[in-house]
Amino acid sequence: MKTKDLAYIALFAAITAVLGLVPAVPIGPVPITAQTLGVMLAGSVLGARRGFLSQLLFLVLVAVGLPLLSSGTGGLAPFAGPYAGYILSWPVGAFVIGWLTERFWSRFNVAWAFTANVLGGLVVVDVIGAAVLGIVNDLSFWHAAWFGALVFVPGDLVKAAIAAVVAVQVRRSYPVIERPRRAVARR
Amino acid sequence: MTLALYVPRASPVHRMPAGWKLLALAGLSMLVFAVPTLPMVGGALVAVVALGLVVARLPASLLVRQARAVLWWLVALFVLHWLVTDVLTGAVTVLRLLALVLAAAVVTATTRVTAMVAVVERVCRPLQWVGVRPARIGLVIAMALRFIPLISERADRIREAQAARGGSIRGLRGLTTTVVPLLVQVLQLAHTVSEALDARGADDVPVRRGGPRAA
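Caption draft 1: Geometry of unusual backbone geometry. In this structure, B:Arg57 takes a positive phi of about 55° despite not being glycine. Structurally, the position occupied by B:Arg57 is in the loop between helix H3 (38–55) and helix H4 (60–69).

Caption draft 2: Focus on helix H6 (residues 87–109) of chain B. Over its 23 residues, H6(B) extends 33 Å from the first C-alpha to the last, a length consistent with the 33 Å expected when each residue adds 1.5 Å. Here H6(B) lies mainly inside the structure; 18 of its 23 residues are buried.

Caption draft 3: Seen up close, the environment of B:Thr177. All names here are of chain B. Take threonine 177: it is sitting in helix H9 (residues 171–199). The buried category is assigned to threonine 177, whose relative accessible area is 12%. C-alpha separation for the pair threonine 177 and glycine 167, spaced 10 residues apart in sequence, amounts to 7.7 Å.

Caption draft 4: Looking closely at helix H3 (residues 48–63) of chain A. Residue and element names in this part refer to chain A. If you check H3, its first and last C-alpha atoms are 22 Å apart, about what 16 residues at 1.5 Å a residue would give, namely 22 Å. Burial in H3 covers these residues: Ala48, Arg50, Gly51, Ser54, Gln55, Leu57, Phe58, Leu59, Leu61, Val62 and Ala63. Looking one or two residues past H3, glycine 65 carries a phi angle of roughly 115°, positive in sign.

Caption draft 5: Geometry of the interface of chain A and chain B. Each side of the interface is counted separately: chain A has 57 residues, and chain B has 59 residues. Of all residues in chain A, A:Thr3, A:Val64 and A:Tyr174 bury the most surface against chain B, accounting for 12% of the area lost on that side. Joining chain A to chain B, the criterion identifies zero salt bridges. Broken down by secondary-structure element, the contributors of at least two residues to the side of chain A that touches chain B are helix H1 (3–19), helix H2 (35–46), H3, helix H4 (77–80), helix H7 (110–137) and helix H8 (141–173) of chain A. The class makeup of the residues in the side of chain A that touches chain B is 42 nonpolar, 12 polar and three charged.

Caption draft 6: Molecular detail of a nonpolar patch on the surface. Residue and element names in this part refer to chain B. A surface patch of nonpolar side chains, amounting to about 780 Å² of accessible area, comprises Leu71, Trp72, Val75, Val79, Trp82, Leu83, Val84 and Val87. The element contributing the most residues to the nonpolar patch is helix H5 (residues 71–84), with seven residues. Tracing the backbone through its elements, the reader meets tryptophan 82 in helix H5.

Caption draft 7: Structural view of the nonpolar core. Ranked by internal contacts, the top residues of the largest apolar core, which has 124 residues, are A:Leu11, A:Phe12, A:Leu57, A:Phe58, B:Phe147 and B:Leu187. Apart from the residues within four sequence positions on either side, B:Leu187 is in contact with A:Tyr8, A:Leu11, A:Phe12, A:Val45, A:Val170, A:Tyr174 and A:Val176.

Conventions used here
- Residues numbered from 1 in each chain as written.
- Chains lettered and ligands numbered in written order.
- Predicted model: local features only at pLDDT ≥ 70, side-chain atom pairs only at ≥ 80, totals over all residues.
- Heavy atoms only, no water.
- Helix = DSSP H or I, 4+ residues; strand = E, 2+ residues; numbered from the N terminus.
- Expected span 1.5 Å × (residues − 1).
- Buried < 20%, exposed > 50% of the residue type's maximum accessible area, 1.4 Å probe, protein only.
- Contact = heavy atoms within 4.5 Å.
- Buried area = accessible area lost by both parts, 1.4 Å probe.
- Salt bridge = Lys/Arg side-chain N within 4 Å of Asp/Glu carboxyl O.
- Nonpolar A, V, L, I, M, F, W, Y, C, P; charged D, E, K, R; others polar.
- Patch = residues over 30% accessible without salt bridge, like charges linked within 9 Å, V, L, I, M, F, W, Y side chains within 5 Å.
- Areas by Shrake-Rupley, 256 points an atom, 1.4 Å probe, with all protein chains shown as cover.
- Core = buried A, V, L, I, M, F, W, Y, C linked by side-chain atoms within 4.5 Å.

Here it is as structure tokens:
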């Protein structure tokens with residue numbers, strides 16, 4: 001891995017951290033944060049591998065004791081809390097978004113970007129989050145999934161749209177994902 | 001680093017090696033999941049709070065803040081359990097989560113970020129057999145910490161620049177006028193930083209002792 005890749009990984013870990021400073025919108029009992037926007041941007045700007053590593057790095061920064069999550073919390077406490085699964089799923093979500101983005105790269109537009117963000121940023125995150133929520137709380141998966149979906153989906157749809165618009169414009173002026181993968185080149 | 005959650009005190013908990021504290025935390029979480037009874041979970045909660053407030057002498061406000069961050073989750077989960085299972089299970093799971101959250105907060109507040117990063121590097125050491133250099137992990141952590149204030153500074157500057165031009169910085173239009181330029185700027189910046197690091201030898205494989213390095 002080149003130093004340039006390390007710098008991009010560090011950059012998007014930092015971007016997710018900075019998005020935690022944006023005041024959370026309290027919709028219902030749970031604050032909807034801007035941080036999953038960072039997850040979506042990491043995947044759709046850096047691609048699968050670097051996107052995954054950047055969000056993993058963000059979680060390491062939180063775990064070692066920096067208060068980078070949007071509620072001003074950090075350290076190991078969030079990983080023991082009820083929403084642990086939702087946070088832990090971020091690297092996976094970024095990977096899925098990045099993987100899809102690499103496949104859509106030659107015909108990348110807002111619609112494809114939105115699709116990738118919804119699949120990786122919403123579906124993957126909610127499935128993993130609900131699975132962990134269910135396990136640590138002796139709840140059935142479907143109960144937990146509905147709970148998470150009700151809480152997060154409205155805000156996540158807005159964020160998926162924002163990230164899609166931004167990612168398409170960034171691709172136009174500063175593309176980081178270099179070459180289209182085989183799956184796209186075959187067309 | 002003023003950003004950290006570390007609370008300096010002279011206590012046995014603070015002096016304990018970071019690796020041990022992490023192992024103790026893992027042990028506690030296994031215990032409360034293996035024995036999910038009200039006395040066990042309640043006892044764990046009392047023990048954790050006593051350890052944090054009396055032994056480590058942490059301010060109560062720190063534990064309150066961590067508890068408040070998950071308060072609504074706990075309330076919602078308790079209500080959900082009330083509806084779909086029973087009150088006792090709800091009480092056990094909620095108290096269990098609270099105990100674990102507070103235990104993790106105690107570990108974080110009593111351990112320096114540098115000590116935690118050292119544990120991360122030690123845990124990652126076996127990765128060198130698959131080609132990951134431990135020094136690069138330290139480098140990427142340092143870069144991320146430097147980028148955090150840099151990005152917010154750049155964001156402020158772009159916002160001011162757009163406001164000075166009378167440009168719109170809100171709504172969908174604001175994305176194009178502020179967020180996109182910010183991302184492009186910091187991507188270029190990251191690229192420049194990596195070139196500067198490479199020029200100073202960051203990309204070099206360490207020289208093996210007793211001979212020139214292989215190409």
